[in-house]
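# Commentary on secondary and tertiary structure
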There are 4 protein chains.
Amino acid sequence: MTLTQDKNNNNSIGVGLIGTGFMGKCHALAYGSVKAVFGAVPTPRLEVLCDVPSEKASAFADQFGFARSTDTWQDLVVDPAVDIVCITAPNKVHKEMALAALGAGKHVHLEKPMALTIADANELRDAAASAGVKTITGYNYLHNPAITHAHQLIESGAIGRVVHFRGAIDEDYQADPDLAWTWRAMKTEAGLGALGDLGCHLVSIATYLAGPIASLMADMQTIHHTRPVADGGASRAVENEDVASALVTFETGAQGVLTTSRSAWGRKSHIGFEVHGTEGMITFDQERMNELRLYQNRGALAEQGFKTILSGPAHPPYGEFVPAAGHQLGFNDLKVIEVHEFLKAIAEDRLAFPAFADAFHFEDVIHAIAASSRAGTRVSIKG
Amino acid sequence: MTLTQDKNNNNSIGVGLIGTGFMGKCHALAYGSVKAVFGAVPTPRLEVLCDVPSEKASAFADQFGFARSTDTWQDLVVDPAVDIVCITAPNKVHKEMALAALGAGKHVHLEKPMALTIADANELRDAAASAGVKTITGYNYLHNPAITHAHQLIESGAIGRVVHFRGAIDEDYQADPDLAWTWRAMKTEAGLGALGDLGCHLVSIATYLAGPIASLMADMQTIHHTRPVADGGASRAVENEDVASALVTFETGAQGVLTTSRSAWGRKSHIGFEVHGTEGMITFDQERMNELRLYQNRGALAEQGFKTILSGPAHPPYGEFVPAAGHQLGFNDLKVIEVHEFLKAIAEDRLAFPAFADAFHFEDVIHAIAASSRAGTRVSIKG
Amino acid sequence: MTLTQDKNNNNSIGVGLIGTGFMGKCHALAYGSVKAVFGAVPTPRLEVLCDVPSEKASAFADQFGFARSTDTWQDLVVDPAVDIVCITAPNKVHKEMALAALGAGKHVHLEKPMALTIADANELRDAAASAGVKTITGYNYLHNPAITHAHQLIESGAIGRVVHFRGAIDEDYQADPDLAWTWRAMKTEAGLGALGDLGCHLVSIATYLAGPIASLMADMQTIHHTRPVADGGASRAVENEDVASALVTFETGAQGVLTTSRSAWGRKSHIGFEVHGTEGMITFDQERMNELRLYQNRGALAEQGFKTILSGPAHPPYGEFVPAAGHQLGFNDLKVIEVHEFLKAIAEDRLAFPAFADAFHFEDVIHAIAASSRAGTRVSIKG
Amino acid sequence: MTLTQDKNNNNSIGVGLIGTGFMGKCHALAYGSVKAVFGAVPTPRLEVLCDVPSEKASAFADQFGFARSTDTWQDLVVDPAVDIVCITAPNKVHKEMALAALGAGKHVHLEKPMALTIADANELRDAAASAGVKTITGYNYLHNPAITHAHQLIESGAIGRVVHFRGAIDEDYQADPDLAWTWRAMKTEAGLGALGDLGCHLVSIATYLAGPIASLMADMQTIHHTRPVADGGASRAVENEDVASALVTFETGAQGVLTTSRSAWGRKSHIGFEVHGTEGMITFDQERMNELRLYQNRGALAEQGFKTILSGPAHPPYGEFVPAAGHQLGFNDLKVIEVHEFLKAIAEDRLAFPAFADAFHFEDVIHAIAASSRAGTRVSIKG
């Protein structure tokens, strides 16, 4: 595939987007603004938007600025004007869509989790490896400049050797016992529950900062075993878990603790972690996503303490959005950075991060957590 | 002026933008995404971008997605395809540009401060009143859903009668004594210093939450009296102040304290305020712009405390950006909300907020602070 | 044993204290001030202080206000004037001293952990049960009014049914790789490492708030395997662990995660926990020991958030120390409350909390954590 | 006066305490524990406690451990066994008691404010200067190790030259409009309202950290003009102010803002301040009294941020209370440090801090704030 030239003789690249929900809108906004934010990228052409029914697709195409719309994703993935296929449809159709897009020679931008089972994720990884195109997955929190800076601090030895990692990712969207039963409660629709919705994000951060995970022991639990059916007096079973926790061992030998809940009242987007090093510690909470906390065993003891570092131009690519520190990026900005990474990877013919191969490990770990919990024993990550 | 129809028979509206710096980019991003975010607004057509030299204008037009570019703002303001003129050029040329745009019958989106002197701001206010078009000013922090919610809480009596207001707005961009002299140090270029850059934002919030200010006593101070000239050994005088503080009395009789510094080490975008009421208190800090803190004298004493409310869909229009609470808006999102307010006001033929007439009061107050400080006496706000 | 009358015809009670270190001083201060703080308790008579050598004992007796001193603890425990024996000597001698004191018919105030092994703790528990005296253990954090209030909130249903518990207790006193080897590194002297120093405190809080623990899976790790010997070039092995983590299941069926580190840079007295309920959440951090955070799914969504409750007279017995909220208790005040609990229990002839029987469970859990980690399997708590 | 020898041949010193309320108890606890905490001080002998009626005095003498009690303060101040007279009675009798104690040749430990008027404070200052004894005033917050450390950091140049100071001291004990009228509302009983209760503490900190105040402009306000009389339907006038604010100029030329409210809902012991320097900033809040925040313009920009320093043994005399950092001192511990300062000053025959002469400046400033507010003009501090 080659990039086409736009009217200003700039490179441009055609985008097809499947889905118009939470993540669909987020993708639309990101592809629509990435050029204005970053400048030095191919210009995305918003070509085709897919949703059902067609009226919905058409209305959102108008809103999001797509040239055309369709209610048939199979048409979108083979559309000649489309170079990148963005998949934000429900998780259970990710695999079919992504395989079709890869098969059509399109670059694929796939929301997380890649698939409901690790076997399916593996099939996608293999398909991507042989497709000769670029892939990226929607592990958007990795693109927070504060997280990137944490990664760089660790790489540079700012906290010495990493010896321990703690992380929790929690929300409260399933905390209310009276909430009606939905597809989220079905294994065949939603997969692993909190692990699939949230836990895989935490694993992505843990491995970005502390390296791949080698083995783990885990527990998980469904808190609300049934939920009322919206239109009747009956209740229906919840098939997946609300909470999961794991004791992990990284390949480096460091240990860690990962835990997640979708029923944690008061948590709206809590992704808290601590990286313990031999010379310091780094902590973070996504609910204050523009702050990184750093402790270093340096200087006079009387002046040691956790430093709260506000994101700013010193933490690229923050400065592409705002030239002044402390003014803050938002959730949607992270997707813009993700899209920038993808466009640059395509333009430079290199792997994007995190590609399908990277995301496979994240999802391998969450399935291992589920397996360990069911078996009651330690599980090794095969990779 | 009437809105034109775009290819989908939607209303559209032509935008001309003067300036490509911090605020110029912010405007470009906002007009480029407001339709995708909000849906139900006229579609902005990015028609003309102006900067000097023309190569710069052309390059940024490409980056920002404007159809044309120019190095002559006088052409932009009379361009037939332009319905809205956005002015983000240096403060000292605001007046001339805005008068020309109003004279050409254009809606005007003007960055703050409107002008370097209150006489000039007054002239702009009068011109806007008679121009038969809509105006809005770039007091973007007012559009933070958390601030809007604070306003609504106060209006609804959640903290009783407002009896006191405290506010500070601080940054550290002029804190370093060794920083080179720039135009920011000149009265004729930058006007009032910290008051003009920052203080007027604080006044906009104070009056939004506690009503207009009636009188005040103030002090101000230049901390670094000279600064090195970049290309030589000499130093040059700093003509405006780094710090200003005022004891204010609101029209309601409530008192307050406002203070600002552009030399406050560690403050990157600190806009902290407290609204004291007879039944509670609200506090906020822009450096954690997605958090509002509320104390109410309600319920058991043993359970009273400041509640940290994370912005979410319950605080419109947050939900237009992200459907989940706690995921966070960023600085640039506030401008999108400001643009939405402007487009809606134009479509509904009503005053936008804050229009020139609103902003006049904000700037009246900062000039009164300067006047009080020079005179050493209390100054009344005439309005 | 009967309480003696002091010169004002008040009840008084004789105290003998073994040890003058961190906890020894803390006990001395607490017994010295409990009457002044609480009023309605028997007056402690500070009778005998024991340490070695005798000069040290004598000097501290003078400083702490004890009437006599000795270098022979065996004398202290049988001293007729002593009603309460406080044991703050090194952990490895706790058992011998406590058994002797119980044997002499004294009430015993024993620092945690009770013993180095669970067998020894069990022996102490049994001895206490048959001794006909009162016992209390130094799980001082349980006496924080904020924790007591958390307990009461949970009991009253303020957060619904407890479904999950997270806790971490961390300090950094063994974080520095260059720190010299000490007795803390020896199993025979210090026992379990972080679990014994810190972890048992966390278990005490977890079970106080979420009930007894039924089973667990755990991992632990020594980060610094050797340490330099202070007076030579050689290094010596560290026999116990720096970090331990466990996935626990409470008797209620709720799950939880407990973790501890003595090598966590920047943590000085971090005891952080979250209690997840079906209707809310409570969180706390001992480094801000006068703050409790409470989220309840009540009232308008737009006003929901974590409330930060500052300890005050509404949280007994805070008001015995200071009659105004928010003024703050300190670490040493917790021991005063513990002593008050002990004196009241003696006066009222009831069990104190936490008595040896309570503490046995806390320590049973930390030994189970160690056992599970070594075996790599789930371990049930027998009790 | 010479110190007497106790039974162990240590120096001891006789203490007489007037008052058994909030501060009375605080003094009793402090004199009762200072020797145990610090060791190297003369041993206080708790000789006489005074309150009315005599039964109350007797009961509290028993509780606090005083040897004798009286209902006649005139007897206490001339009691031969009393070397130090502690005055914690209502503010309006401070002057008479302190003059009598000075006249009797006693060291005087006087709670703040020294007097209701600056003329009375001046008379006390003069009397102390000629009495040949030591004095100290109850500005206890100055003795917080975190504040002491802030002072030392500033002295050492850690934040460069101090150029600005901001401070607020707020509580909510008069926030409720329905609170019954008390003596606190009377000028002749309580003096200046919030300024006298709270504001003088803030001035003590401001001048400790930024030097004496040279002049100021101020405003103050009564929020609740009447209050219900407890036992009837009528209401009675509030004669003093709830809120006061001042723009101050320090002798160094630096400016600052001081503000106080006794009607600030949610504030329980808020003493927040910022010290702005040319190379950094220090901030603090008494509601988190064991934390000091420090920003320094040092090192890589990407790692700059406010450091939260937890009080510990590196901040003397914290280590006298607890040998481990982060474990926290409480409000009552500050009085112990104050008493230690006084005992050392007596033993070393030097001025204590803050003596009457120091406190005079603090109180001079609050009266100047009131005077400026009434006059509407700038007021100079004569000293």
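Residues numbered from 1 in each chain as written. Chains lettered and ligands numbered in written order. Predicted model: local features only at pLDDT ≥ 70, side-chain atom pairs only at ≥ 80, totals over all residues. Heavy atoms only, no water.

Residues and elements named next belong to chain A. Segmenting chain A into domains produces domain 1 (4-140) and domain 2 (141-324 + 356-380). Taking only C-alpha atoms, the centre of domain 1 and the centre of domain 2 are 26 Å apart. Surface buried jointly by domain 1 and domain 2 totals about 2200 Å² across both partners, of which 64% is contributed by carbon and sulfur atoms. Of all residues in domain 1, Ile 118, Tyr 139 and Asn 140 give up the largest surface area on contact with domain 2, accounting jointly for 33% of the area buried on that side. Inspection of the domain 1/domain 2 interface yields 1 salt bridge. A salt bridge links Glu 189 to Lys 92; the nearest nitrogen and oxygen atoms lie 2.7 Å apart. For the interface between domain 1 and domain 2, the tally reads 10 residue pairs in polar contact (both at pLDDT 80 or more). Those elements giving two or more residues to the side of domain 1 that touches domain 2 turn out to be α1 (22-38), β6 (107-110), α5 (118-131) and β7 (135-137). For the side of domain 1 that touches domain 2, the element with the highest residue contribution is α5, accounting for 6 residues. Residue composition of the side of domain 1 that touches domain 2, grouped by class: 15 nonpolar, 7 polar and 3 charged. (Domains from an automatic or database assignment. Buried area = accessible area lost by both parts, 1.4 Å probe. Salt bridge = Lys/Arg side-chain N within 4 Å of Asp/Glu carboxyl O. Polar contact = N/O pair within 3.5 Å; in protein donor to acceptor, adjacent residues only side chain to side chain. Helix = DSSP H or I, 4+ residues; strand = E, 2+ residues; numbered from the N terminus. Nonpolar A, V, L, I, M, F, W, Y, C, P; charged D, E, K, R; others polar.)

We now examine the pattern of salt bridges. Scanning all chains against the criterion turns up 92 salt bridges over all chains. Two residues, Lys 95 of chain B and Glu 123 of chain B, come together in a salt bridge whose shortest N-O distance is 3.0 Å. Note that Lys 95 of chain B is positioned in helix α4 (residues 94-103) and Glu 123 of chain B in helix α5 (residues 118-131), a separation of 28 residues in sequence. Note on Lys 95 of chain B: relative accessible area 22%, which makes it partly exposed. Here Glu 123 of chain B falls in the partly exposed class, since its relative accessible area comes to 37%. The network of salt bridges with common partners includes Arg 45, Glu 47, Arg 68, Asp 79 and Asp 83 of chain A. (Buried < 20%, exposed > 50% of the residue type's maximum accessible area, 1.4 Å probe, protein only.)

Turning to the relation of the copies chain C and chain A, a few remarks are in order. Note on the copies: chain C fits chain A at an RMSD of 0.0 Å, the axial shift is 0.0 Å, and the rotation between them is 180 degrees. On this basis, the relationship between the two copies can be described by a two-fold rotation axis. Among all residues of chain C, the one whose C-alpha sits closest to the rotation axis is Thr 377 of chain C, at a distance of 3.4 Å. Looking at chain C, 100% of its interface residues are interface residues in chain A too, so the copies touch through the same face. (Least-squares fit on C-alpha atoms with pLDDT ≥ 70 in both. Contact = heavy atoms within 4.5 Å.)

All names here are of chain D. Buried residues dominate helix α6 (residues 145-155), accounting for 9 of its 11 residues. By the burial criterion, the buried members of α6 are Pro 145, Ala 146, Ile 147, Thr 148, His 149, Ala 150, His 151, Leu 153 and Ile 154. Where α6 begins, the capping side chain belongs to Asn 144, and its oxygen is found 2.8 Å from the backbone nitrogen of Ala 146. A positive backbone phi angle near 85 degrees is found at Gly 157, which sits one or two residues after α6.

This part covers the interface of chain D and chain C. Taken together, the contact between chain D and chain C spans 39 residues of the former and 39 residues of the latter. Carbon and sulfur atoms make up 51% of the surface buried where chain D meets chain C, a total of about 3300 Å² over both sides. Area buried by chain D at its contact with chain C is led by Asp 62, His 327 and Gln 328 of chain D, which between them contribute 19% of it. A salt bridge links Arg 288 of chain C to Glu 291 of chain D; the nearest nitrogen and oxygen atoms lie 2.7 Å apart. Joining chain D to chain C, the criterion identifies 16 residue pairs in polar contact (both at pLDDT 80 or more). Secondary structure elements with two or more residues in the side of chain D that touches chain C: α1 (22-38), α2 (54-64), α9 (318-321) and α10 (331-348) of chain D. Looking at which element gives the most residues to the side of chain D that touches chain C, the answer is α1 of chain D, with 8 residues.

Every contact between the two is made by 48 residues of chain C and, on the other side, 48 residues of chain A. Note on chain C versus chain A: buried area summed over both sides is about 3500 Å², and carbon and sulfur give 52% of it. There are 6 salt bridges connecting chain C and chain A. Across the pair Asp 170 of chain C and Arg 166 of chain A runs a salt bridge, and its minimum N-O distance is 2.8 Å. The interface formed by chain C and chain A contains 18 residue pairs in polar contact (both at pLDDT 80 or more). Sorting the residues of the side of chain C that touches chain A by element identifies β8 (162-170), β9 (213-221), β12 (243-250), β13 (255-261), β14 (270-277) and β15 (280-285) of chain C as the ones contributing at least two each. Looking at the side of chain C that touches chain A, its residues break down into 18 nonpolar, 19 polar and 11 charged.

A few words on the packing of helix α8 (residues 194-210) of chain D against helix α11 (residues 356-375) of chain D. Residue and element names in this part refer to chain D. It is at 8 Å that the axes of α8 and α11 come closest, and there the two elements cross at 120 degrees. Judged on the interaxial angle alone, α11 and α8 are oblique. In this structure, α8 meets α11 at a crossing whose hand is right-handed. Residue-level contacts link Leu 195, Gly 196, Gly 199, Cys 200, Val 203, Ser 204 and Thr 207 of α8 to His 361, Phe 362, Val 365, Ile 366, Ile 369 and Ala 370 of α11. In terms of residue class, the contact of α8 with α11 is made up of 8 nonpolar, 5 polar and no charged. (Axes fitted to C-alpha atoms, helices over the stretch in contact; angles between N-to-C directions. Parallel < 35°, antiparallel > 145°, perpendicular 65-115°, else oblique. Left-handed = near helix turned anticlockwise from the far one by under 90°.)

Here we come to the environment of Cys 26 of chain B. All names here are of chain B. Mapping Cys 26 onto the fold places it in helix α1 (residues 22-38). Remark: the alpha-carbon pair of Cys 26 and Phe 250, spanning 224 residues in sequence, is separated by 33 Å. What Cys 26 contacts, discounting residues up to four positions off in sequence, is Phe 331, Asn 332 and Lys 335.

Mapped onto the fold, Glu 171 of chain B is located in the loop between β8 (162-170) and α7 (187-190). No salt bridge forms around the buried Glu 171 of chain B; measuring N to O, its nearest opposite-charge neighbour Arg 184 of chain B is 7.9 Å away. Setting aside residues up to four positions removed in sequence, Glu 171 of chain B forms contacts with His 327 of chain A together with Leu 198, Ser 261, Arg 262, Ser 263, Ala 264, Arg 267, Lys 268 and Ser 269 of chain B. (Lys, Arg positive; Asp, Glu negative; His and termini not counted.)

Here we take up the pairing of strand β16 (residues 291-296) of chain A. Residues and elements named next belong to chain A. Taken across its 6 residues, β16 has 5 buried, putting it largely inside the fold. The sheet contact formed by strand β15 (residues 280-285) and β16 spans 5 bridges and is antiparallel. Bridge pairing links Ile 282 to Leu 294 in β16. Hairpin remark: β15 followed by β16, antiparallel, with 5 residues in the connecting loop. Taken together, the 4 bridges between β16 and strand β17 (residues 306-310) define a ladder with antiparallel strand orientation. Each bridged residue has a counterpart across the sheet, and for Leu 292 the counterpart in β17 is Ile 309. (Pairing = 2+ DSSP bridges.)

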